[in-house]
Amino acid sequence: MSSQISKSRVASSFSRAANSYDRSAQLQRDVGNELLQICQLKTASTVSTKKIYPVLDLGSGTGYFSEKLAALFPHSELICLDIAQGMLEHAKSMPGRDSFKWVCADAEALPLASNSIGLLFSSLAIQWCENLVQLFSEIDRVLKPGGLALISSLGPASLNELRLSWQGVDDKVHVNKFAPREEILTSLPASLSVEVNRQQMRVLEYEKLQQLTTDLKNIGAHNMNAGEAKGLTGRIKIKKFKRNYESFRQGNGKLPASYEVYYLCLRKAQTDPVERQKGVANGQL
Ligand SMILES: C[S@@+](CC[C@H](N)C(=O)[O-])C[C@H]1O[C@@H](n2cnc3c(N)ncnc32)[C@H](O)[C@@H]1O
């Protein structure tokens with residue numbers, strides 16, 4: 001997460017990646033499935049699937065998890081929101097999604113009514129946001145009292161091998177900067193309480209470095225910082241970078257790509273006991 005990330009670059013990069021995203025999204029699948037499990041655990045006791053809770057998939061991408069959310073909450077209205085129009089168009093074109101609502105918008109300026117969302121799910125999207133205080137203030141605003149937000153994001157140790165391999169080659173920014181967990185937690189308004197706060201390292205393994213760089217390109221998550229190398233990076237620099245990355249090759253012959261993953265479950269405070277009772281009666285979480 002960096003104040004130098006341009007929103008329009010994020011949107012156009014993910015839009016361009018819409019067709020290739022699903023074939024390179026192993027990490028996103030694994031993390032999203034884990035977040036979905038937390039979501040199931042947190043909602044098991046409170047959700048009756050017969051009731052309608054507007055569910056928001058924030059940064060819905062190709063809609064893989066939107067579909068899973070729809071299956072999990074079949075009687076809920078599902079809103080898929082993404083900043084990349086190309087992602088939304090691709091996701092919308094898939095069969096069986098006619099009942100989903102599609103919104104192209106920035107997570108930091110949600111065009112949704114206050115107190116309107118019962119459950120917010122957001123997997124590996126908020127790391128592209130610029131202003132965490134603004135983001136969480138919006139999440140807090142749109143959630144109903146007692147509503148839940150399930151969020152996964154990446155920490156600064158993500159893609160360390162890539163970052164370290166570029167160090168000493170040039171002084172450009174080659175890997176996106178992601179906010180540490182402390183910064184995320186201190187950006188939360190008092191009305192959002194933390195019910196799950198989990199961190200894990202996930203390591204993907206590759207035979208060849210090119211497979212990693214292709215994956216990053218296919219999902220649209222290659223470097224988006226304003227300070228990245230422009231134009232053709234010299235062959236000598238790339239050779240040096242590749243040699244540096246080879247130093248990470250493991251005993252099993254594979255090249256690692258590490259990701260620091262955060263999982264959060266936040267709950268918006270109930271207002272007062274009378275409102276809480278009304279919320280239960282209205283089927284809020
Ligand atoms: C890595 S993809 C994850 C997609 C999906 N949640 C999944 O797990 O497969 C990140 C998505 O977040 C979207 N995104 C990035 N910044 C955003 C923002 N500020 N507001 C809304 N969506 C955003 C991107 O366009 C992209 O579709």
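Everything below is about the structure shown above.
These numbers come from a predicted model, not from an experiment.

J.: I keep staring at the site of the ligand and nothing clicks. Help me out?
T.: Taken together, 24 residues are adjacent to the ligand, and Phe14, Gly59, Gly61, Ala125 and Trp128 come closest. Within the residue set of the shell around the ligand, elements represented by two or more residues are α1 (7-16), α2 (26-44) and α3 (64-72). Counted by class, the shell around the ligand contains 15 nonpolar, six polar and three charged residues.

J.: Explain the environment of Asn176 here, please?
T.: As for its position among the elements, Asn176 is in the loop between α6 (160-166) and α7 (181-186). Overall, the presence of 24 C-beta atoms within 10 Å leaves Asn176 in the buried class. As for Asn176 and Gln127, which are separated by 49 residues in sequence, their C-alpha atoms are 9.3 Å apart.

J.: In this structure, what is going on with the sheet that holds strand β3 (residues 101-104)? I would like to understand it.
T.: Pairing is mixed across the open sheet formed by seven strands, whose spatial order is β3-β2-β1-β4-β5-β7-β6. In this open sheet, the two strands that pair with only one neighbour each are β3 and β6 (192-206). Along the sheet, successive strands turn relative to each other by an average axial angle of 15 degrees, direction set aside. Summarising the sheet, strand β1 (residues 55-58) and strand β4 (residues 117-123) pair through three bridges and their orientation is parallel.

J.: I'm lost on the nonpolar core in this one. Help?
T.: Soluble globular proteins tend to bury their nonpolar side chains together. Counting 64 residues, the largest nonpolar core has Val55, Leu120, Phe121, Ala149 and Leu150 as its most contacted members. Residues within four places of Leu150 in sequence aside, it is in contact with Leu35, Ile38, Cys39, Phe121 and Cys265. If you look at the next biggest cluster of nonpolar residues, it comprises nine residues, including Leu159, Leu212, Phe241 and Tyr245.

J.: Looking at this structure, I do not really get α1. What am I missing?
T.: Since the α-helix packs 3.6 residues into each turn, any two residues three or four apart lie on the same face. All of the buried residues along α1 are Val10, Ala11, Ser13 and Phe14. Looking at the packing, one finds that the buried side of α1 touches α4 (85-92).

J.: Hey, could you run me through the packing of α1 against α4 in this one?
T.: Each pair of packed helices can be summarised by the angle the axes make with each other and by the distance between the axes. Contact pair α1 / α4: the axes reach a minimum separation of 6 Å and the direction vectors enclose 30 degrees. The pairing of α1 with α4 is recorded here as roughly parallel in orientation. Contact residues: α1 offers Phe14, Ser15 and Arg16, while α4 offers Gln85, Gly86 and Met87. Of the residues in the contact of α1 with α4, the class split is two nonpolar, three polar and one charged.

J.: Teacher, can you tell me more about the pairing of β4 here?
T.: In summary, the side chains of a regular strand alternate between the two faces of the sheet. For β4, the tally of buried residues reaches seven of seven residues, placing the bulk of the element in the interior. Alignment of β4 against strand β5 (residues 143-154), held across six bridges, turns out to be parallel. Counted as the bridge partner of Leu119 is Leu148 from β5. One crossover worth recording links β4 to the parallel β5 by way of helix α5 (residues 132-142), and it is right-handed.

J.: Please explain the environment of Gly220 as it appears in this structure.
T.: Secondary-structure assignment places Gly220 in the loop between α8 (209-218) and α9 (235-246). Classification of Gly220 by C-beta neighbours within 10 Å gives buried; the count is 24. Sequence-wise, Gly220 and Ala11 are 209 residues apart; in three dimensions their C-alpha atoms are separated by 9.3 Å. With sequence-adjacent residues up to four places away left out, Gly220 is seen in contact with Ser13, Phe14, Arg16, Ala17 and Tyr21.

Definitions and limits used
- Residues numbered from 1 in each chain as written.
- Predicted model: local features only at pLDDT ≥ 70, side-chain atom pairs only at ≥ 80, totals over all residues.
- Near = placed C-beta within 6 Å.
- Helix = DSSP H or I, 4+ residues; strand = E, 2+ residues; numbered from the N terminus.
- Nonpolar A, V, L, I, M, F, W, Y, C, P; charged D, E, K, R; others polar.
- Buried ≥ 20, exposed ≤ 12 C-beta atoms within 10 Å, placed from the backbone.
- Pairing = 2+ DSSP bridges.
- Axes fitted to C-alpha atoms, helices over the stretch in contact; angles between N-to-C directions.
- Core = buried A, V, L, I, M, F, W, Y, C linked by C-beta atoms within 7 Å.
- Contact = placed C-beta atoms within 7 Å.
- Parallel < 35°, antiparallel > 145°, perpendicular 65-115°, else oblique.
- Right-handed = clockwise from strand over helix to strand, strands pointing away.

Scope: geometric values only; no functional claims are made or implied.
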